[in-house]
Amino acid sequence: AFRADKLDLNVFGIARSTINTLAEREKVLRDLVNGREEQLENLQKEARQLHEALRIPEDEWERFTTLHPGITSEDLRAWTAQLEGLAAQRHMRLANLIQAQREKLLQLHQEMRSPKTVIDGDLLPLETEEVSEAVLKRHEERVAQVEEQVATLRPIYSLLEKRLEARAARALLAEETKDPER
């Protein structure tokens with residue numbers, strides 16, 4: 001039976017120590033590639049989230065990903081710089097992003113027909129809060145909560161509106177049938 005560990009590699013001109021060294025080097029390189037792929041995936045995920053939050057046109061994302069598709073050191077540096085740039089841009093635009101979340105929250109509350117006290121509780125004057133990532137995150141989380149509530153209430157509101165329309169139609173019909181000139 002053939003056994004690779006008994007094979008005399010010197011016959012092929014390759015020493016066992018050379019094969020072992022190459023195998024170790026391959027493992028190191030595979031680990032490096034795996035680490036870079038994971039790093040690239042994380043950078044891309046964070047950059048994508050910021051890209052969407054900043055509402056940057058999709059063609060810019062496509063252009064950047066086309067220019068930096070690999071796991072080379074240069075590509076990773078470019079992705080890191082891109083992420084840092086997007087984070088800086090987001091920080092500069094925090095006040096506008098917070099205001100957009102507040103407007104969305106107000107729109108959702110109006111759709112839900114929330115009482116003024118609830119709306120006022122969600123929309124404290126912006127001057128009372130500092131402009132920070134934490135404030136933006138709190139607004140984003142509240143918008144998500146209210147969106148869930150709105151999704152739950154939409155079918156109910158739809159049924160209520162149909163009922164009100166039916167009542168109005170019935171009242172109109174009753175009014176028309178009472179008309180003596182009819």
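Here, the structure is the one placed above.
Quantities reported herein were computed from a predicted structural model and do not represent experimental measurements. (Residues numbered from 1 in each chain as written. Predicted model: local features only at pLDDT ≥ 70, side-chain atom pairs only at ≥ 80, totals over all residues. Heavy atoms only, no water.)

Caption draft 1: Structural detail: the overall build of the chain. What the chain contains, in helices and strands, is six helices and zero strands. The linear arrangement of helices and strands in the chain, starting from the amino end, is α-α-α-α-α-α. Relative to its full complement of 182 residues, the chain shows a buried share of 23%. For the chain, contacts bridging at least 24 residues in sequence account for 68% of all contacts bridging at least 6. Of the roughly 13,600 Å² that the chain leaves accessible, carbon and sulfur atoms contribute 55%. (Helix = DSSP H or I, 4+ residues; strand = E, 2+ residues; numbered from the N terminus. Buried < 20%, exposed > 50% of the residue type's maximum accessible area, 1.4 Å probe, protein only. Contact = heavy atoms within 4.5 Å. Areas by Shrake-Rupley, 256 points an atom, 1.4 Å probe, with all protein chains shown as cover.)

Caption draft 2: Examining the side chain of His 109 more closely. For His 109, the position within the fold is in helix H4 (residues 94-112). Those residues in contact with His 109, other than ones at most four positions away along the chain, are Ser 114, Val 118, Ile 119, Asp 122, Arg 142 and Val 146.

Caption draft 3: Highlighting the packing of helix H1 (residues 16-53) against helix H3 (residues 73-92). Two elements in contact, H1 and H3, have axes separated by 9 Å at closest approach and are oriented at 30°. One element, H1, and the other, H3, form an angle in the roughly parallel class. As H1 runs across H3, the sense of the crossing is left-handed. From H1, Arg 36, Gln 39, Leu 40, Leu 43, Gln 44, Glu 46, Ala 47, Leu 50, His 51 and Ala 53 reach across to H3, where they touch Ser 73, Leu 76, Trp 79, Thr 80, Leu 83, Leu 86, Ala 87 and Arg 90. Partitioned by chemical class, the residues of the contact of H1 with H3 number 10 nonpolar, five polar and three charged. (Axes fitted to C-alpha atoms, helices over the stretch in contact; angles between N-to-C directions. Parallel < 35°, antiparallel > 145°, perpendicular 65-115°, else oblique. Left-handed = near helix turned anticlockwise from the far one by under 90°. Nonpolar A, V, L, I, M, F, W, Y, C, P; charged D, E, K, R; others polar.)

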